[in-house]
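Inside the fold
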Amino acid sequence: QVRLVESGGGLVQTGGSLRLSCGVSGRTFSTYNMAWFRQAPAKEREFVAALNWNGANTYYVDSVKGRFTISRDNAKNTVYLQMNNLKPEDTAVYYCTAGGTYDLGWKGYYWGQGTQVTVSS
């Protein structure tokens, strides 16, 4: 089975930075499109960023463009989300997902357990 484990969340002040990691098990990691979603309290899950299987293209929700960067290291079976200039509205549980597509909003079949990001003002 494919398993995803997020890490790197924490508490940071406005303007700070965090790097989230998502380790993926399985021999087919390099074939998956990868994405990050987040869910704030009492809100629906929201797309944040995506990276296609060969790393050629990235996609971001408008609110994080210029601040967040998604990347992948196939040798380590890991996808990253570098988050800079964090804002309180970035506070959420962040999830990684594997196997999504642009046409379907990047929601993959496989999901991690999530990691909490809290940004204080």
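Located above this text is the structure these notes cover.
Reference entry: report on the structure contained in this document. Nothing here was measured: the structure is a model prediction, and the numbers come from that model.

Rules behind the numbers
Every chain is numbered on its own, with residues counted from 1 as its sequence reads. Note on the predicted model: pLDDT of at least 70 is required for a residue's local features to be given, and 80 or more for side-chain atom pairs to be given and counted; whole-chain, interface and lining totals, by contrast, use all residues. Based on all heavy atoms of the structure, the side-chain values leave hydrogens and waters out of the count. Secondary structure elements follow DSSP: runs of H or I no shorter than four residues count as helices, runs of E no shorter than two count as strands, and numbering proceeds from the N terminus. A simple rule labels every residue: compare its accessible area, found with a 1.4 Å probe on the protein chains alone, to the largest value its type can have, and call it buried under 20%, exposed over 50%, or partly exposed in between. Any N or O atom pair separated by 3.5 Å or less is treated as a polar contact, with the protein-specific requirement of one donor-capable and one acceptor-capable atom, and with residues adjacent in sequence counted only for side-chain atom pairs. In this description, contact between two residues means that some pair of their heavy atoms is separated by no more than 4.5 Å. Between any two strands, at least two bridges found by DSSP are needed for them to pair. In this analysis an axis means a line fitted to C-alpha atoms, helices contributing only their contacting stretch, and an angle means the value between N-to-C directions, from 0 to 180 degrees.

1. Observations concerning the side chain of Asp90
Examined against the element boundaries, Asp90 turns out to sit in the loop between strand S8 (78–83) and strand S9 (92–98). In this structure Asp90 comes out as buried when scored by relative accessible area, which is 0%. Among the polar contacts listed, one links the side chain of Asp90 to the side chain of Arg38, at a separation of 2.9 Å. A polar side-chain atom of Asp90 sits 2.8 Å from the main-chain amide nitrogen of Lys87. Look past the residues within four positions of Asp90 in its chain and what remains in contact with it is Arg38, Val64, Arg67, Phe68, Val117 and Val119.

2. With respect to the sheet that holds strand S3 (residues 18–24)
With antiparallel pairing, four strands are arranged side by side in an open sheet as S1-S3-S8-S7. Edge positions in the sheet fall to strand S1 (4–7) and strand S7 (68–73), since each has one partner strand and no second. Across the sheet, the mean angle from the axis of one strand to that of its neighbour is 15 degrees, orientation sign disregarded. One ladder, built from four bridges, connects S1 with S3; its direction is antiparallel. Residue pairing across strands places Leu4 opposite Val24, the latter belonging to S3.

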